[in-house]
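# Descriptive structure summary
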Amino acid sequence: MSAGESGKWLGGALPANVRVGMNSVIIGDLAFKRFHSRQPEALCVGANCTMDGVHFDLGDAAQLTIGDYCYFTNAVLLCELEVRIGSYVVVGWNTTIADSDFHPLAPAQRVADAIACSPLGKGRTRPPVVKQPVVIEDDVWIGPNAAILKGVRVGAGAWIEAGSVVTRDVPPGARVLGNPAQIVGEAK
Amino acid sequence: MSLPARTLPWDWHEGVIPRNAKIDSTAYVETSFSFRFFRSELDDAIEYGRGASTYLGTMFDVGPRGRVRLGDYALVHGARIICDSEITIGEYALISWNVVLMDTYRLPANASERRRELERVPGRDPRIASGDVVARPVRVERNVWIGFDACILPGVTVGEGSVVGARSVVMTDVPPFTIVAGNPARIIRPMSQQEMNGANAQ
Ligand SMILES: CC(C)(COP(=O)(O)OP(=O)(O)OC[C@H]1O[C@@H](n2cnc3c(N)ncnc32)[C@H](O)[C@@H]1OP(=O)(O)O)[C@@H](O)C(=O)NCCC(=O)NCCS
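Since this is a predicted model, take the numbers as computed values, not measurements.

## Brief notes about the overall build of chain A
Of regular secondary structure, chain A possesses one helix and 20 strands. For 188 residues, the compact-globule formula gives about 16 Å, and the C-alpha radius of gyration of chain A, at 17 Å, lands near that figure. Projecting the C-alpha coordinates of chain A onto the three principal axes gives extents of approximately 50 × 45 × 20 Å. Counting only residues that meet the buried cut, chain A has 49% of its 188 residues in that class. Taking all contacts inside chain A whose residues are at least 6 apart in sequence as the whole, residues at least 24 apart take part in 25%. Accessible area of chain A: about 8,300 Å², with a carbon and sulfur share of 53%.

Quick look at the structure:
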């Protein structure tokens with residue numbers, strides 16, 4: 001990250017474990033409403049980024065890094081483990097990126113989780129859930145209303161059409177579309 | 001029913017919990033805003049079981065003959081419940097944010113009938129489309145998990161223990177203990193033996 005003046009959040013003072021690079025700006029009162037990470041550098045945003053209406057929903061141990069010149073509008077970033085986003089990445093309106101499913105798949109464990117999450121569950125520990133890092137490489141374009149799910153790597157320059165639900169890796173330069181997303185060609 | 005309409009001490013919205021909503025003393029309602037479009041006239045219109053909870057974003061868009069059931073420990077994180085007949089959410093069900101559960105399309109499929117209904121909407125308060133359309137009950141059975149932004153259409157039953165992937169659109173019944181996903185939703189796979197025994201796959 002470049003030295004000198006750091007970027008800012010228009011909604012107030014940044015949490016202590018957030019670094020925002022030169023000339024970057026975070027807009028929106030709810031940006032840190034669900035920010036719970038206790039990592040020393042939980043969120044690192046590079047220089048010249050515009051994060052307009054982005055939700056940084058970070059769990060306890062989450063680590064989220066974003067490169068330079070990124071432009072996100074109303075994206076929901078759900079991070080429990082690790083999300084790494086490169087430079088010149090665009091993320092569209094109401095797109096969700098998540099590195100976890102938040103609940104276990106096994107039915108019996110979900111019963112235990114429902115109890116632990118309920119008003120009667122105070123003090124109970126929740127069963128473990130699957131977390132897998134998400135990586136979005138440089139120059140990726142992600143349209144509005146898309147979802148990028150756990151464990152996915154989106155290769156450099158890929159083009160994710162609006163509304164796509166990406167559940168598998170996307171090779172560099174590919175264009176994907178649909179729910180679940182399929183490769184339909186190459187990015188221009 | 002002669003329960004008084006109640007307010008919630010922690011509520012930011014100046015509304016009430018309707019008197020025909022039966023909410024267990026161990027259940028949690030984040031805000032009365034969830035009842036803004038609630039207009040059921042039935043005595044037992046809404047029931048929350050033990051430890052059930054609904055959070056901000058949950059909207060009971062329930063018509064005069066609509067009935068909604070939330071089983072014990074059901075967790076609704078913010079769903080639009082569009083109900084003119086009956087929507088049941090089983091025990092331990094986990095319903096994620098922006099999910100839509102609908103038992104009716106509210107508006108007629110026929111364009112000229114739809115026009116007539118749409119012309120009535122501006123005269124209503126709250127402004128709600130509420131045409132004479134057949135409603136078909138939706139059943140989300142116990143231990144079901146519905147991922148964020150998914151949509152469950154009229155007449156659908158999601159069987160016990162099943163999982164609906166994020167953003168899915170479910171148009172047909174889901175068998176028990178099955179994972180479905182996509183638009184339209186298709187079966188991904190049944191739960192593995194390991195998952196049925198309680199262990200996660202990974
Ligand atoms: C449904 C879900 C739990 C399944 O997880 P999983 O078993 O680890 O699934 P995988 O990632 O191994 O995918 C298995 C297959 O299902 C498809 N799939 C998975 N989730 C999908 C989804 N949401 N939409 C469309 N297809 C999906 C994958 O494309 C893959 O298909 P393939 O075998 O043809 O490659 C998960 O994908 C999901 O939707 N998670 C979001 C949960 C959620 O909403 N959490 C919010 C808090 S409640």
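## What to know about the overall build of chain B
Secondary structure assignment for chain B yields two helices and 19 strands. Relative to its length of 202 residues, chain B is compact, with a C-alpha radius of gyration of 17 Å against a globular reference of 17 Å. Within chain B, contacts between residues separated by at least 24 positions form 29% of all contacts whose residues are at least 6 apart in sequence. Of the accessible surface of chain B, which amounts to about 9,400 Å², a share of 51% is contributed by carbon and sulfur atoms. Charged side chains in chain B number 23 positive and 24 negative. The centres of these two groups are separated by 4 Å.

## Considerations on the interface of chain B and chain A
On the side of chain A, 29 residues touch chain B, which itself brings 36 residues to the contact. Counting across the interface, chain B meets chain A through zero salt bridges. At the junction of chain B with chain A, the criterion picks out nine residue pairs in polar contact (both at pLDDT 80 or more). Contributions of two or more residues to the side of chain B that touches chain A are made by strand S19 (186-190) and helix H2 (193-196) of chain B. Of the residues assigned to the side of chain B that touches chain A, the class counts are 19 nonpolar, 12 polar and five charged.

## A short note on the packing of aromatic side chains
Under the definition given, this model contains 14 aromatic pairs over all chains. Ring centres 5.5 Å apart and planes at 45° place the aromatic pair B:Tyr28 and B:Tyr55 in the tilted group. Residue B:Tyr28 is located in strand S2 (residues 28-29), and its partner B:Tyr55 is located in the loop between strand S4 (53-54) and strand S5 (59-62); the two are separated by 27 residues in the primary sequence. Under the relative-accessibility criterion, B:Tyr28 is labelled partly exposed at 25%. The partly exposed category is assigned to B:Tyr55, whose relative accessible area is 22%. An aromatic cluster is present here, built from A:Trp9, A:Phe32, A:Phe35 and A:Phe56 joined pairwise through their rings.

## Thoughts on helix H1 (residues 107-117) of chain A
Counting along an α-helix, one turn takes 3.6 residues, and residues three or four places apart therefore face a common direction. For H1(A), the buried fraction is high: nine of the 11 residues fall into the buried class. Taken as a whole, H1(A) has its buried residues at A:Pro107, A:Gln109, A:Arg110, A:Val111, A:Asp113, A:Ala114, A:Ile115, A:Ala116 and A:Cys117. Those residues of H1(A) that are buried lie in contact with strand S7 (75-76), strand S10 (94-95), strand S13 (145-146), strand S16 (163-164) and H2 of chain B.

## Digging into the nonpolar core
Residues A:Phe56, A:Leu64, A:Ile66, A:Phe72, A:Ile136, A:Ile148 and A:Ile160 are the most contacted members of the largest nonpolar core, which totals 43 residues. Taken together, the elements giving at least two residues each to this core come down to strand S2 (18-20), strand S4 (43-45), strand S6 (55-58), strand S7 (63-66), strand S9 (76-79), strand S10 (82-85), strand S13 (134-136) and strand S19 (174-177) of chain A. Those residues within four positions of A:Ile136 in sequence are excluded, and the remaining contacts are A:Arg84, A:Ile85, A:Gly86, A:Val89, A:Ile97, A:Ile142, A:Ile148 and A:Val154. Counting 40 residues, the second-largest nonpolar core is a separate cluster that includes B:Ala27, B:Val62, B:Ile152 and B:Val164.

## Quick notes on the sheet that holds S10(A)
What the six strands build is an open sheet, ordered S2-S4-S7-S10-S13-S16 (chain A); its pairing is parallel. Of all the strands in the sheet, the pair left with one neighbour each is S2 and strand S16 (153-154) of chain A.

## Observations regarding the side chain of A:Ser24
With respect to the helices and strands, the residue A:Ser24 is situated in the loop between S2 and strand S3 (25-27). When neighbours within four sequence positions are excluded, A:Ser24 is seen to be in contact with A:Gly7, A:Lys8, A:Val45, A:Gly46, A:Ala47, A:Asn48 and A:Cys49.

## With respect to the pattern of salt bridges
As enumerated under the stated definition, the model contains 22 salt bridges over all chains in all. Each of the salt bridges in this network shares a partner with another, and the network as a whole consists of B:Arg39, B:Asp61, B:Arg80, B:Asp84 and B:Arg106.

## Some thoughts on the site of the ligand
Around the ligand lies a shell of 22 residues, among which A:Asp101, A:Lys150, A:Thr167, B:Phe148 and B:Ala166 are the nearest. With respect to the ligand, the chains having nearby residues are chains A and B. Between the ligand and A:Lys150, the relevant distance is 2.9 Å, taken from an oxygen atom to a side-chain nitrogen or oxygen of the residue. Taking A:Asn179, its side chain carries an N or O atom lying 3.2 Å from a nitrogen atom of the ligand. Protein contact buries 81% of the 910 Å² of open area that the ligand shows by itself. Residues belonging to the shell around the ligand are distributed by class as follows: 11 nonpolar, seven polar and four charged.

What counts and how
Residues numbered from 1 in each chain as written. Chains lettered and ligands numbered in written order. Predicted model: local features only at pLDDT ≥ 70, side-chain atom pairs only at ≥ 80, totals over all residues. Heavy atoms only, no water. Helix = DSSP H or I, 4+ residues; strand = E, 2+ residues; numbered from the N terminus. Rg over C-alpha atoms; globule rule 2.2 N^0.38 Å. Buried < 20%, exposed > 50% of the residue type's maximum accessible area, 1.4 Å probe, protein only. Contact = heavy atoms within 4.5 Å. Areas by Shrake-Rupley, 256 points an atom, 1.4 Å probe, with all protein chains shown as cover. Lys, Arg positive; Asp, Glu negative; His and termini not counted. Charge placed at Lys NZ, Arg CZ, Asp CG, Glu CD. Salt bridge = Lys/Arg side-chain N within 4 Å of Asp/Glu carboxyl O. Polar contact = N/O pair within 3.5 Å; in protein donor to acceptor, adjacent residues only side chain to side chain. Nonpolar A, V, L, I, M, F, W, Y, C, P; charged D, E, K, R; others polar. Phe/Tyr/Trp six-rings, centres within 6.5 Å; stacked < 30°, edge-to-face > 60°. Core = buried A, V, L, I, M, F, W, Y, C linked by side-chain atoms within 4.5 Å. Pairing = 2+ DSSP bridges. Near = heavy atom within 4 Å.

Geometric values such as these leave the question of function open.
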